[in-house]
Structures are given as C-alpha cells and as structure tokens.
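# Summary of the model geometry
Chain residues, written in single-letter form:
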Amino acid sequence: MSRKIRFAIVGTGVIAPLHAKSIINNPLTELVAVCDILVDKAQKFADEYGVEHVYKDYHEMFKRDDIDVVSVCTPSGIHGEVAIAAAEAGLHVLCEKPLEITKDKLTAMIDACRNHGVKLGGVFQRRTLPAAIKTREAIQSGKFGKMVLGDAYLKYYRSPEYYKSAGWRGTWELDGGGALMNQGIHGIDLIQWMMGEVHSVVARCGTLVRDIEVEDTAVALLKYKNGAYGVIQGTTSVYPGQDTRFELHGENGSIIFDDNGFKTWKFLNSEETAPSVEAEKSAASDPQNLSLGGHYILVDDMAKAILEDREPMVPGEDARVAVDLLLAIYESSRTGKEVVLK
Ligand SMILES: NC(=O)c1ccc[n+]([C@@H]2O[C@H](COP(=O)([O-])OP(=O)(O)OC[C@H]3O[C@@H](n4cnc5c(N)ncnc54)[C@H](O)[C@@H]3O)[C@@H](O)[C@H]2O)c1
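Residues numbered from 1 in each chain as written. Predicted model: local features only at pLDDT ≥ 70, side-chain atom pairs only at ≥ 80, totals over all residues.

## What to know about helix H1 (residues 16–24)
- Buried within H1 are the following residues: Ala16, Leu18, His19, Ala20, Ser22 and Ile23.
- Packing partners of the buried residues in H1 comprise strand E1 (5–10), strand E2 (29–35), helix H2 (39–49), strand E4 (69–72) and helix H9 (293–308). (Buried ≥ 20, exposed ≤ 12 C-beta atoms within 10 Å, placed from the backbone. Helix = DSSP H or I, 4+ residues; strand = E, 2+ residues; numbered from the N terminus. Contact = placed C-beta atoms within 7 Å.)

Next comes the structure, spelled out in structure tokens:
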C-alpha cells in the first residue's frame, strides 16, 4: 500500500496532542479528522494541528470513507463504546490506557474488534522504555535464576486542582479507579510484562487525602505465576511525586531502575554493568510532562501493523491484563480476601 494510514482522534483533551504530533510527524500517517463533544475545543485543536474535518459526534465522523484508524482519547469509561462504534464502521482502534474499566466492557470491545476484523492496540507507552525492555530480556534469558521478588513503587502527586480539571477524574463511573487505574496502571502493566502474569493478590486501597470517590493510595501483595512474590505501592497523594521505581530480584541477580535509568544491575559471578539508557521525562508530579517518544512508536507500530497485517505491539488482550489485575486488587481490598486471577 503506497498511501498513508489515515487517523482520526476522538477526545481532544490532555493526551490527544501526543497522538496528533505522533501522527503528523510520521511519514506513514496523516490526521484526517478530530472529534470532541466540546466542538469548539475540537476546532481549536484542529486549527493547531492543521486538521481539516471537525466533528461533535464520533458516529458521524466514522461515516467518512477516508479513515483507517481511530485514536481513542476520551475519558476511560467511554473507551469501549467509541472502540465498538469504530469496529462496527470497519475502523482499526488505537486506544489510550486503561483499555476500559470493567471486565464486561473490556470483553465487549475486544470481541467487537475481533468480530469485525479490525486491529485493537492499547497505549502502554512505557513498554517502549529501553530499561523495561532490557530488564524483560534479562528475565527471559534466565540470568536471574529463579525469580524471587518483583516490586513496583508508583508514587505520584496529583493536586486537588488536577481532580477538578475535568469532571470525570476521580469518579468510579468514568475514571474507574484512582491512583492505580489512572496513574499506576502504567507501572502495573510494566511489572507484570517483565515478571510474567500474577497468580493472586491481597490488597488494601483507600482514599486518604483527596476528596474523590476512588482510591488515592493502595498497597498490594502479589504472588506471580512463576512463584515469586512482589508488592505494588500506588498513590497520587504524596508530595513530591517520586520517580516510579521497579525492583526485580532473583536468586542470581538484581535489577532496580527508575525514570532516570538503572540503579542496580548486578549478577552473581559476573562483571557485567548496566546498559546505558536515557532518562525519561517524569510525570510523577505533572501529568502533562510526558515524552512524545512512546506514543510515536505506538502510532508508527499501528500503521505498520495495518500495512503488514499483523498484531499491534500491545494487542487488546494484552492491554486488558493490567486492568484485570488491578480490578482483582480492588476486589481484595473490598472483601479482605485473597483474589486469584483467572
Ligand atoms: N498514555 C498516557 O500516559 C496518558 C496520559 C494522560 C491520559 N491518558 C488517558 O487518555 C484518556 C483521556 O485523558 P485526558 O487526560 O486527555 O482527558 P481530558 O478530560 O483532558 O480529555 C478528554 C476529552 O474527551 C472529550 N470527550 C468526552 N466524551 C466524549 C465523547 N463521547 N465523544 C467525543 N469526545 C468526548 C472531552 O470533552 C475531553 O475534551 C484517559 O483514558 C486517560 O487515562 C493517558
């Protein structure tokens, strides 16, 4: 196919510019249309990125015959309905995290995309971090020996103003959760992507500081399917926000890294030192301080997945694993019981 892969964006808020810039700067892709229920906001966005077509209703936009992929950038609890409408219109879907916020909606959107023969890719841009990729490779190569611990420390600062900046933030209905579902999900995805799937969790979640429905702080004990244990600590209520940190240990080695790169890379009977990786921008205290790189890679990957007719880098089934895990964490906190994942 020699023509460009044509994108449309639904939801022109905080995250949409990363999609727009990634699409516009990629020689394989172009941005054809944008949509927001606040149509003036969509128009302003379109003017900024030179987009010709603006819509208030995504159903109308999906009737166009010159769109290949839809970037879903709406509040989290609306991802599924947008993705299903896109799939029914025969359009591929690149969906922001979390893929959706309930099991039923996750299943419905994945099924819709499969049944209509369109691709569904999730946005977990931290999977493109060199430190995460190198750590995963080290685990898969077996150099840790038996894995013992896999921990994720996800301590953010989000001000009261952040939660007031859009009505859906901090609500069960549209955010689907708080410190874990919105911010921590990146780290939750990453720790299970590196360590392997989780068998069971015991957890406690609470709203300690912010005036929101959902949790602003959570701790969870994990048992991985490979037999290792781990902890997840997530919060949006500590000042200052900390670099997210991952600590992975096995009988024969340890890797610790944060947003600035590796802190520890040490293996038994080995002089090997940590590979050099670039520091990441950190959204620990500022939700808008995100690198473009990860989104660029995922937009590029979606275009190539369509051109090569293959699965995208983070297929829908893969993107739901982190949500299933954190829903189990919520359930354990609610019931006080250990929850075994399916
Ligand atoms: N990958 C990341 O690091 C990252 C960072 C921030 C946000 N996100 C995700 O992106 C999504 C959006 O977050 P945000 O911070 O940009 O939110 P936002 O509130 O700034 O923007 C959402 C936009 O969607 C619009 N919208 C709502 N309902 C709509 C509908 N039915 N049709 C069309 N437009 C609609 C709103 O008017 C708003 O302009 C969330 O799911 C969030 O979790 C991901």
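## Notes on the site of the ligand
- For the ligand, the set of nearby residues contains 24 residues, the closest of which are Gly11, Gly13, Val14, Glu96 and Ala166.
- Of the residues contributing to the shell around the ligand, the split by class is 13 nonpolar, seven polar and four charged. (Near = placed C-beta within 6 Å. Nonpolar A, V, L, I, M, F, W, Y, C, P; charged D, E, K, R; others polar.)

## A look at the sheet that holds strand E7 (residues 147–155)
- Within the open sheet, the eight strands sit side by side as E13-E12-E11-E7-E10-E9-E8-E14. Their pairing is mixed. The sheet terminates laterally at strand E13 (261–267) and strand E14 (339–340), the two strands that pair on one side only.
- Judged from the six bridges that link them, strand E11 (residues 245–250) and strand E12 (residues 253–258) form a sheet pairing that is antiparallel. Residue pairing in the sheet places Gly250 in a bridge with Gly253 of E12.
- The strands touched by helix H6 (residues 130–141) within the sheet are E7, E11, E12 and E13, with E12 carrying the most contacts at an inclination of about 165°. (Pairing = 2+ DSSP bridges. Axes fitted to C-alpha atoms, helices over the stretch in contact; angles between N-to-C directions.)

## A look at unusual backbone geometry
- That bond from Lys97 to Pro98 is cis: its omega, -20°, falls within 30 degrees of zero.
- Mapped onto the secondary structure, Pro98 falls in the loop between strand E5 (92–95) and helix H5 (103–115).
- The omega angle of the peptide bond from Tyr239 to Pro240 is -10°, so this bond is cis rather than trans.
- Locating Pro240 in the fold gives a position in the loop between strand E10 (229–235) and E11.
- For Asn269, which is not glycine, the phi dihedral falls at a positive 55°.
- Here Asn269 lies in the loop between E13 and H9.
- Judged by the 6 C-beta atoms lying within 10 Å of it, Asn269 falls in the exposed class.
- One non-glycine residue, Asp309, lies in positive phi territory at about 50°.

## Focus on the domain arrangement of the protein chain
- What the domain assignment lists for the protein chain is domain 1 (5–122) and domain 2 (128–288 + 322–340).
- Taken over C-alpha atoms, the centre of domain 1 sits 27 Å from the centre of domain 2.
- The interface is formed by 13 residues belonging to domain 1 together with 15 residues belonging to domain 2.
- Across the side of domain 1 that touches domain 2, the residue classes break down as seven nonpolar, three polar and three charged. (Domains from an automatic or database assignment.)

## A closer look at helix H10 (residues 316–335)
- For H10, with 20 residues, the first-to-last C-alpha span of 28 Å sits near the 28 Å given by 1.5 Å per residue.
- Within H10, 14 of the 20 residues are buried, leaving the element largely enclosed by the surrounding structure.
- Just beyond H10, the residue with positive phi is Gly336, at close to 75°. (Expected span 1.5 Å × (residues − 1).)

## A closer look at the environment of Lys155
- Considering the arrangement of structural elements, one finds Lys155 in strand E7.
- In sequence terms Lys155 and Pro240 are 85 residues apart; their C-alpha atoms lie 8.7 Å from each other.
- Apart from the residues lying within four places of it in its own chain, the contact partners of Lys155 are Gln233, Thr235, Val238, Gly241 and Gln242.

## Quick look at the sheet that holds E1
- Spatial strand order, E3-E2-E1-E4-E5-E6: six strands in an open sheet with parallel pairing. Of all the strands in the sheet, the pair left with one neighbour each is strand E3 (53–55) and strand E6 (120–122). Averaged over all adjacent pairs, the angle separating strand axes in this sheet is 25°, with direction ignored.
- For E1 and E4, the ladder comprises four bridges, and the chain directions are parallel. Its bridge partner being in E4, Ala8 is matched across the sheet by Val70.
- In this fold H2 packs onto E2 and E3, with an angle of close to 160° to the strand it touches most, E2.

## Brief notes about the environment of Lys281
- Structurally, the position occupied by Lys281 is in the loop between E13 and H9.
- Separated by eleven residues in sequence, Lys281 and Leu292 have C-alpha atoms that sit 9.5 Å apart.
- Not counting residues up to four positions away in its chain, the partners in contact with Lys281 are Asn289, Leu290 and Ser291.

## Details of the environment of Ile84
- Mapping Ile84 onto the fold places it in helix H4 (residues 79–88).
- Overall, the presence of 18 C-beta atoms within 10 Å leaves Ile84 in the partly exposed class.
- Sequence separation of Ile84 and Val202 is 118 residues, and the distance between their C-alpha atoms is 33 Å.
- Setting aside its immediate chain neighbours within four residues, Ile84 contacts Ala108, Met109 and Ala112.

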